[in-house]
Amino acid sequence: MNNIAEKAKALFDRNEIDIFIGYEKGTRSPRPSFASNAEETNRLIFDETCSGNLAVYLTRKDLVGGKKVGIAASYHALINIAQLFKENQLKEENLYIFNIAGKQLASVEEIRQYLSETPFPSNPGVIELYNKIEAMSREERWKFWSDELSKCFKCYACRSACPMCYCTQCIVEVNRPQWIQPWASPLNNMEWQINRVMHMSGRCSGCGACSAVCPVGIPIHLLTHKVWAASMEHFGGEVTDKGSTLSTFKPDDKESFIL
Amino acid sequence: MNKYISKQSLTNFLAKIKEDGKRIFAPVAKGSKTDFEWIESVNEISLEHIQTTQSAKSITFPRTEKLFSYKKTEGDITLQDYTPNQLETVVFGIHPCDAAGFRPLGSIFNWDTPDKHYNERKKQTILISVSCTQCDEYCFCTSVNGSPGNTEGSDILLTPIKEGYLAEIITDRGKELTDQYGNLFEPAPEIDKEEYLAKVPVHFNVNEITEKLSGLFNNEELWKKQSERCLGCGACAFVCPTCACFDIQENDKGNSGERLRCWDSCGFSLFTLHTSGHNPRSTQSQRWRQRLMHKFSYMPDRLSVVGCTGCGRCSRACPVDMNICEQLTTI
């Protein structure tokens, strides 16, 4: 038991936070919940059934702007939080972070240490499907993704649920010049996903929220997984410790994967 | 007029319809999801689901559609009007909540200027619905003037009974179609249809909600609290049978191009962003307010129809469980 409700209440009692981002019981499974005072912490829960990545709310200025924030952070959310620190999106002194064991992680170093000591939550289903697609011929793979992505109607739930998609203006909404045609069509949908996953290279935590929230069930987390695997293979090691794959350039970078 | 059709005869009925040149849009199961597709064979149809992922609104309001095309020549420009030339289409297996959804959808597209594209498509569409024998905790049709056996909007409504279906023939178009294949239908048995329908609990009185909402526009605290976890994606709007917001886009190919209409959502921040940079709905709480107000206050006031049929899709599709029925009952 992590006693998350009590811990959040204690923070309010000591006047240390303005809002606590956690989970509460939902219609079928737990959902995000926000406590803005000690009384509202009663409903907070935090266990293995709590899916959905709460780190997404840490960059929402209308919700947390200028506030001291407590948060219940899953393993994946912690990876995202570490990355958001690296991208200068968060301030340590404004955040009270609790892991699933109920332990407060007071600094980026503590988060990193916890992540390195705790096994990455494995998801055999993802690996199985990933390997299945990797084993396909190029033609089969093209058909698979063409079929899947033609279903996309561009609701952008994948973008909205992702903690790393915090741009105030997304590339798909830039219209001077218009890089990507905004209406839904197989080619446009593909362009959108290619852009999305390229922006995730070396930043994605592998939480799978993008596909979990897709209303039409496209397994788009496999695309981010692919880019993650490519990042690991070509740039290696602890991706979060080095520059972002997309934005860091070194003259001796390998370019073998481009062609 | 009521008739009876056996399961086998229904299969034959649909096969004949297809054979005789109509297209059929029907639920097809893929993995854990069922959605409407153009079917090649009647065997593809699945009726096991409680609700399809999307509604069938795309039949009259496609996610992307051409409005007109243009060509530039030196000193001149020619416009080519576009009228959808849709083949006669049978939408089979929609539930009463979806059939009823075409009324609010049609009211929006005929509010001021009748929308040629919507109306042309609707004219070519025949709705053969199937009553609900099962429901889940997201269904609330009975709270918004509907029911699992509601005939509104359907041309024919089939209710599963014993080994076949009670067929209620509701419109002239429905009658025409059943007359055409009259030998497949039998006289209706004496039954109480209600006994075969799902029991969908009533959660609220929609007129009371409309009344309540009329005074809540300025209650910022309420909308802020309600919308806190909303991520601002468009999943709810895109799966909704009555959401009709659209964007106008230009598929510009230099000296020629097409003007397109494509789905949009009032939940997106860009939806109301002015060229000046001003956004009258700059926060998610204002956009959530708009969603509820439009469906449950503005539409009843202006179009005399509730903009929601209780299908529950928005709640099922929501990444963060913005359960609309729960939100309405807790106002």
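Before reading on, note that the structure itself is shown above.
Small disclaimer: the values here were computed from a predicted structure and weren't measured.

All right, on to the environment of B:Gly31 then. Residues and elements named next belong to chain B. Here Gly31 lies in the loop between strand S2 (23-30) and strand S3 (33-38). Among the residues examined, Gly31 registers a relative accessible area of 79% and is labelled exposed. In this structure the C-alpha to C-alpha distance between Gly31 and Pro319, which are 288 residues apart in sequence, comes to 19 Å.

On to the interface of chain A and chain B, then. Interfaces are frequently sized by the accessible area removed from exposure as the parts join. Counting from both sides, the interface comprises 39 residues of chain A and, opposite them, 34 residues of chain B. Between chain A and chain B, roughly 2,700 Å² of surface is buried when both sides are summed, and carbon and sulfur atoms account for 55% of that area. Summed over the shared surface of chain A and chain B, the result is 5 salt bridges. A salt bridge links A:Arg31 to B:Asp321, with the shortest nitrogen-to-oxygen separation between them at 2.9 Å. At the junction of chain A and chain B, the tally comes to 15 residue pairs in polar contact (both at pLDDT 80 or more). When residues of the side of chain A that touches chain B are assigned to their parent elements, the largest contribution, 3 residues, is made by strand S2 (residues 31-35) of chain A.

On to the sheet that holds strand S11 (residues 246-252) of chain B. Residues and elements named next belong to chain B. Reading across from one edge, S5-S4-S12-S11 is the order of the 4 strands in this open sheet, with antiparallel pairing throughout. Sheet topology places strand S5 (76-81) and S11 at the edges, where each strand pairs with a single neighbour. Within this sheet the neighbouring strands show an average axis-to-axis angle of 25 degrees, counted without direction. Pairing of S11 with strand S12 (residues 256-263) involves 7 bridges; the strand directions are antiparallel. Looking across to S12, one finds that Ile248 is bridged to Arg261. Most of the contacts of helix H3 (residues 116-123) go to strand S4 (residues 64-73), to which it runs at about 130 degrees, and overall it touches S4, S5 and S12.

Owing to its 3.6 residues per turn, the α-helix brings residues three or four apart onto one side. Residues and elements named next belong to chain B. Among the residues of helix H6 (residues 220-227), those classed as buried are Leu222, Trp223, Gln226 and Ser227. Buried residues in H6, looked at end-on, bunch into an arc of 110 degrees, giving them a common side. Opposite the buried face of H6, by more than 90 degrees, sit the exposed residues Glu220 and Glu221. Contact partners of the buried residues in H6: helix H5 (206-213), helix H8 (284-303) and helix H10 (324-329).

Conventions used here
- Residues numbered from 1 in each chain as written.
- Chains lettered and ligands numbered in written order.
- Predicted model: local features only at pLDDT ≥ 70, side-chain atom pairs only at ≥ 80, totals over all residues.
- Heavy atoms only, no water.
- Helix = DSSP H or I, 4+ residues; strand = E, 2+ residues; numbered from the N terminus.
- Buried < 20%, exposed > 50% of the residue type's maximum accessible area, 1.4 Å probe, protein only.
- Contact = heavy atoms within 4.5 Å.
- Buried area = accessible area lost by both parts, 1.4 Å probe.
- Salt bridge = Lys/Arg side-chain N within 4 Å of Asp/Glu carboxyl O.
- Polar contact = N/O pair within 3.5 Å; in protein donor to acceptor, adjacent residues only side chain to side chain.
- Pairing = 2+ DSSP bridges.
- Axes fitted to C-alpha atoms, helices over the stretch in contact; angles between N-to-C directions.
- Arc of directions from axis to C-beta.

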